[in-house]
Amino acid sequence: MVILAYAALLAVASTVAPSAPVTPVLPAMPRPEQVMALPPELRTQLQAQVIDGGGSRRSRLERLAGFLFKKTGLGMEYAVDATYTVEQAYRTRKANCLTFTLLTVALAREAGLDAYGQELLDVVSWRAEQDVVYGFNHVNAGILIGQSHYTIDVARDLLTARSPPQRITDKRLLALYYNNRAAELLVGVMPSVADPYMAMALKLAPDYPSAWANAGVLSLRKGDRATAERDYLKALELDPENSSALVNLVTLYRDGGEEAKRAAYARRLEKIQAKDPYFEFVQAEGEAKKGDYEAAARHYRQAIRLYDKESRFFTGLAHAYQQLGKERAAESALNRAATLGRSTAGN
């Protein structure tokens, strides 16, 4: 399998105070048909370096992978906050995983390959910035050649998911772009700047629960508590186990002094988190940062009990054991992490 990706950005926490008014200078929001459009210069390069090489579709796919990453081609560089259109990615040579997916799908189709976006719904990575916590779902590019499925995924060494990728429509893929931009614009600019992006995401994928959860975060940042609550509840209507919406509702009701509602949704959240190894992993990482390695080890072990195919769980556990002076246990955990790492590299 060719593996060479991304992540749908989900703002998960909520207690957000309105930002100080600013006047951001940003380009106009691109229309959906502009997001994946190839500029003429890029089309010319693709023709010369990928399409004109002839041969089988498999060899064309291999040339495309080289074109994306080699300096003689595009030499693309990964940047976590670079949610760009295909043209912007070409101009800057930077892209996050979502943009890599948009770029790969657009180029592959131009090269005559059957390409599409794929989504993995397990949350596998987190980042905190100012007063918002970001959770990442993963997307990558799928290629179908005959009966063989290939995946081009720039983040395979950074992100792991328990379930296989699911093919998604172009509308869903584009909705992820607008959802990402809205979430990125929540930090550091006026919330109204994110409004059209959020509206477009919901227009393209009205059944996308995490977009509704993000819409709630945006509404709350604008001080509209009632709309935020409605958006979170809509997300839960679509996905009763949407942890993003549940986290935000629990916080919303806690801050509003609505204890009965807070407790009810907190119980629902706890049941979901009890089955989520990545939640345990996040807790373990937090305890390790505080220096409480006994607590960190407990959370790492629980994560492993829930899912024992993630090398990062064992690496973290090994580090906690080392800090606790448990060298034998640390060595065992490191050996297991190495085994899992080799297994992943061989897929």
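Everything numeric in this text was worked out from a predicted model, so none of it was measured.

Trainee: For this particular structure, what's the right way to read the overall build of the protein?
Mentor: When you go through the protein residue by residue, the secondary structure sums to 15 helices and seven strands. In the protein, which comprises 347 residues, the share counted as buried stands at 50%. Here the protein has roughly 15900 Å² of accessible surface; of this, 52% comes from carbon and sulfur atoms.

Trainee: Would you mind going over helix α7 (residues 191–204) with me for this structure?
Mentor: An α-helix turns once per 3.6 residues; consequently, residues spaced three or four apart project the same way. In this model, α7 (14 residues) spans 20 Å end to end at C-alpha, consistent with the 20 Å of a helix rising 1.5 Å per residue. Its buried side turned inward, α7 meets α1 (32–35), α6 (170–185) and α8 (209–221).

Trainee: Is there a simple way to think about the packing of α8 against helix α9 (residues 225–238) in this case?
Mentor: Direction vectors running N to C along α8 and α9 enclose 170°, while the axes themselves pass 8 Å from each other. Between α8 and α9, the crossing angle belongs to the class labelled roughly antiparallel. Where α8 approaches α9, its residues Pro209, Trp212, Ala213, Ala215, Gly216, Val217, Ser219 and Leu220 are matched on the opposing element by Arg225, Thr227, Ala228, Asp231, Tyr232, Lys234, Ala235 and Leu238. Each residue belonging to the contact of α8 with α9 can be placed in one class, and the counts come to ten nonpolar, three polar and three charged.

Trainee: Looking at this model, I keep getting lost on the packing of helix α2 (residues 40–49) against helix α5 (residues 97–110). Mind explaining?
Mentor: To characterise two packed helices, one gives the angle between the axes of the helices and the distance between these axes. The contact between α2 and α5 brings their axes to 10 Å, and the two run at 60°. Judged by the angle between their axes, α2 and α5 are oblique. Both α2 and α5 take part in a crossing whose hand is right-handed. Every residue of α5 that contacts α2 at Leu42, Arg43 and Leu46 is listed here: Leu103, Leu107 and Glu110. Classifying every residue of the contact of α2 with α5 by side-chain character gives four nonpolar, no polar and two charged.

Trainee: Help me out: how do you make sense of the UniProt feature "repeat: TPR" (unreviewed entry) in the protein in this one?
Mentor: Those places that UniProt annotates as "repeat: TPR" (unreviewed entry) correspond, in this numbering, to residues 209–242. Counting secondary structure, residues 209–242 comes out at 79% helix and 0% strand; the distance between its end C-alpha atoms is 7 Å.

Trainee: Just checking my understanding: could you explain the side chain of threonine 85 for this structure?
Mentor: Note that threonine 85 resides in the loop between β2 (77–78) and α4 (86–92). The class for threonine 85 is buried, based on a relative accessible area of 6%. Beyond its immediate chain neighbours, meaning those up to four positions away, threonine 85 contacts Pro30, Gln34, Val35, Thr99 and Tyr177.

Trainee: Which parts of the structure should I look at to understand the nonpolar core?
Mentor: A general tendency of soluble globular proteins is for nonpolar side chains to be buried together. Counting 74 residues, the largest nonpolar core has Leu42, Leu64, Leu74, Leu107 and Ile143 as the members making the most contacts within it. With residues near it in sequence (within four places) discarded, isoleucine 143 still touches Leu61, Ala108, Leu113, Asp114, Ala115, Tyr116, Ser148, His149, Tyr150 and Ile152.

Trainee: Sorry if this is basic, but what is going on with the pattern of salt bridges here?
Mentor: In this structure the tally under the stated criterion is 23 salt bridges. A salt bridge links glutamate 33 to arginine 31; the nearest nitrogen and oxygen atoms lie 2.7 Å apart. Taking relative accessible area as the criterion, arginine 31 reaches 45% and is therefore assigned partly exposed. A salt bridge links arginine 43 to glutamate 110; its shortest N-O distance comes to 3.0 Å.

Trainee: When you look at helix α13 (residues 293–306) in this model, what are you seeing that I'm missing?
Mentor: Across its 14 residues, α13 extends 20 Å between first and last C-alpha, which sits within 8% of the 20 Å expected from 1.5 Å per residue. Restricting attention to buried positions, one finds in α13 the residues Tyr293, Ala295, Ala296, Ala297, Tyr300, Ala303 and Ile304. Looking at the buried positions of α13, the neighbouring elements they touch are α12 (277–290) and α14 (311–323).

Trainee: For this particular structure, what's the right way to read the packing of aromatic side chains?
Mentor: To describe a pair of aromatic rings, you give the distance between the ring centres and the angle between the ring planes. For the structure on display, the rule yields seven aromatic pairs. An angle of 55° between the planes, with centres 6.2 Å apart, marks the rings of phenylalanine 281 and tyrosine 300 as tilted. Remark: tyrosine 300 occurs in helix α13 and phenylalanine 281 occurs in helix α12; sequence separation between them is 19 residues. Tyrosine 300 sits in the buried class, given a relative accessible area of 2%. On the basis of an interplanar angle of 40° and a centroid distance of 5.3 Å, the ring pair of phenylalanine 281 and phenylalanine 313 is categorised as tilted. Here phenylalanine 313 lies in helix α14 and phenylalanine 281 lies in helix α12, a separation of 32 residues in the sequence. The two residues phenylalanine 281 and phenylalanine 313 agree in class, both being buried. Through pairs of rings, three or more aromatic residues link up here, namely Tyr278, Phe281, Tyr300 and Phe313. Stacked on the ring of phenylalanine 314, the Lys or Arg arginine 336 has its end atom at 5.8 Å from the ring centre.

Rules used throughout
Residues numbered from 1 in each chain as written. Predicted model: local features only at pLDDT ≥ 70, side-chain atom pairs only at ≥ 80, totals over all residues. Heavy atoms only, no water. Helix = DSSP H or I, 4+ residues; strand = E, 2+ residues; numbered from the N terminus. Buried < 20%, exposed > 50% of the residue type's maximum accessible area, 1.4 Å probe, protein only. Areas by Shrake-Rupley, 256 points an atom, 1.4 Å probe, with all protein chains shown as cover. Expected span 1.5 Å × (residues − 1). Contact = heavy atoms within 4.5 Å. Axes fitted to C-alpha atoms, helices over the stretch in contact; angles between N-to-C directions. Parallel < 35°, antiparallel > 145°, perpendicular 65-115°, else oblique. Nonpolar A, V, L, I, M, F, W, Y, C, P; charged D, E, K, R; others polar. Left-handed = near helix turned anticlockwise from the far one by under 90°. UniProt positions renumbered as here; feature names shortened; annotations may be inferred. Core = buried A, V, L, I, M, F, W, Y, C linked by side-chain atoms within 4.5 Å. Salt bridge = Lys/Arg side-chain N within 4 Å of Asp/Glu carboxyl O. Phe/Tyr/Trp six-rings, centres within 6.5 Å; stacked < 30°, edge-to-face > 60°. Lys NZ or Arg CZ within 6 Å of the ring centre and 35° of its normal.

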